[in-house]
Amino acid sequence: MKNQNKFQYIYERLRIAILNGEYEYGEQLLSEHQLVKKYNVSRETVRKSLNMLVLDGMIQKIRGKGSVVIYQGMTEFPFADLKSFKEVQTQLGLHYETVVVHFEKVKAAEVPQVKKVLELTAEDELWHFIRYRQIEGITKIVDEDYVRADLFPELSEAVVQNSLYDYIEKVKGYEISFSSKSITFEPFEELERAAFGDVTPQYSATVRGIVHLKDTTKFQYNVSKHIATEFKFIDFSRRHAHLS
């Protein structure tokens, strides 16, 4: 190793070990002293490598415990296809629990941005609900949705707990066709801090989508927030027929 590349080398070795599961969530890395001896480098070099892992959101330095792994794997979703969360879980073998933390009916006038993008009048009504997608009680994704109440007047908390798209297609008989999405990386606000807790860095990958029925009717506005360091995406979505 060249002197100037030592910290990068150590960073890459530790990063790969975490990605490969050699260090699991909540497990401690070797101490700074052990890393100094293992790689025959200075403590300053080791600290520089560890600080890069902190910035990546892979470890957290905790007083009295050293460097603890906080990385829990990527949340990777196939945005090239428009799929329900339930379908994505099945396809990728994920095991999430959905928790509905908010469910209400609002007037479009109360949410001007949604009113505008869904082309509604001030008096039109919307279902507004927020769902946490959790693994072992840890929230990984926050979905906030606005859905036209005139199209789905019987929508309930139980329905969105299970699968909104199953209900729309299999119960109501509509065909969901396509969506347009924008993806931005944004600092946490109160909603994200409450949901995700003390993660580093405090940024979310925020996907905003407008979903259309086959006749081009805009029926849903979705804001999906993901922990920034655990997110991959592809840009355009189109829904195809699904059997389940």
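The structure under discussion appears in the preceding block.
Residues numbered from 1 in each chain as written. Predicted model: local features only at pLDDT ≥ 70, side-chain atom pairs only at ≥ 80, totals over all residues. Heavy atoms only, no water.

1. Here's the deal with the overall build of the protein chain
At step 1: On a plain count of helices and strands, the protein chain comes out with 8 helices and 11 strands.
At step 2: Nonlocal contacts in the protein chain, meaning residues at least 24 apart in sequence, comprise 61% of its contacts between residues at least 6 apart.
At step 3: Of the roughly 13200 Å² of accessible surface on the protein chain, 49% is carried by carbon and sulfur atoms. (Helix = DSSP H or I, 4+ residues; strand = E, 2+ residues; numbered from the N terminus. Contact = heavy atoms within 4.5 Å. Areas by Shrake-Rupley, 256 points an atom, 1.4 Å probe, with all protein chains shown as cover.)

2. A look at the packing of helix H1 (residues 6–19) against helix H3 (residues 43–55)
At step 1: Relative to each other, H1 and H3 sit at 45°, their axes nearing to 8 Å. Classified by the angle their axes make, H1 and H3 are oblique. H1 and H3 meet at a crossing whose hand is right-handed. The segment H1 lies against H3, with Lys6, Phe7, Gln8, Ile10, Tyr11, Leu14 and Arg15 engaging Thr45, Lys48, Ser49, Leu50, Met52 and Leu53. (Axes fitted to C-alpha atoms, helices over the stretch in contact; angles between N-to-C directions. Parallel < 35°, antiparallel > 145°, perpendicular 65-115°, else oblique. Left-handed = near helix turned anticlockwise from the far one by under 90°.)

3. Remarks on the nonpolar core
At step 1: Within the largest apolar cluster, 19 residues are counted, with the highest numbers of intra-cluster contacts made by Leu14, Ile18, Leu29, Leu50, Leu53, Ile59 and Val69.
At step 2: Put simply, the parts of the chain that give this core at least two residues each are H1, helix H2 (32–39) and H3.
At step 3: Sorting elements by how many residues they give to this core places H1 first, with 5 residues.
At step 4: In contact with Leu53, other than residues within four places in its own chain, are Tyr11, Leu14, Arg15, Leu29, Met58 and Ile59.
At step 5: If you look at the next biggest cluster of nonpolar residues, it comprises 18 residues, including Phe152, Val160, Leu164 and Ile176. (Core = buried A, V, L, I, M, F, W, Y, C linked by side-chain atoms within 4.5 Å. Buried < 20%, exposed > 50% of the residue type's maximum accessible area, 1.4 Å probe, protein only.)

4. A short note on the side chain of Glu192
At step 1: The topology assignment puts Glu192 in helix H8 (residues 190–196).
At step 2: Using a relative accessible area of 3% as the deciding quantity, one classes Glu192 as buried.
At step 3: Among the polar contacts listed, one links the side chain of Glu192 to the side chain of Lys225, at a separation of 3.0 Å.
At step 4: Beyond its immediate stretch of four places on either side in the chain, Glu192 contacts Pro187, Gly197, Ser204 and Lys225. (Polar contact = N/O pair within 3.5 Å; in protein donor to acceptor, adjacent residues only side chain to side chain.)

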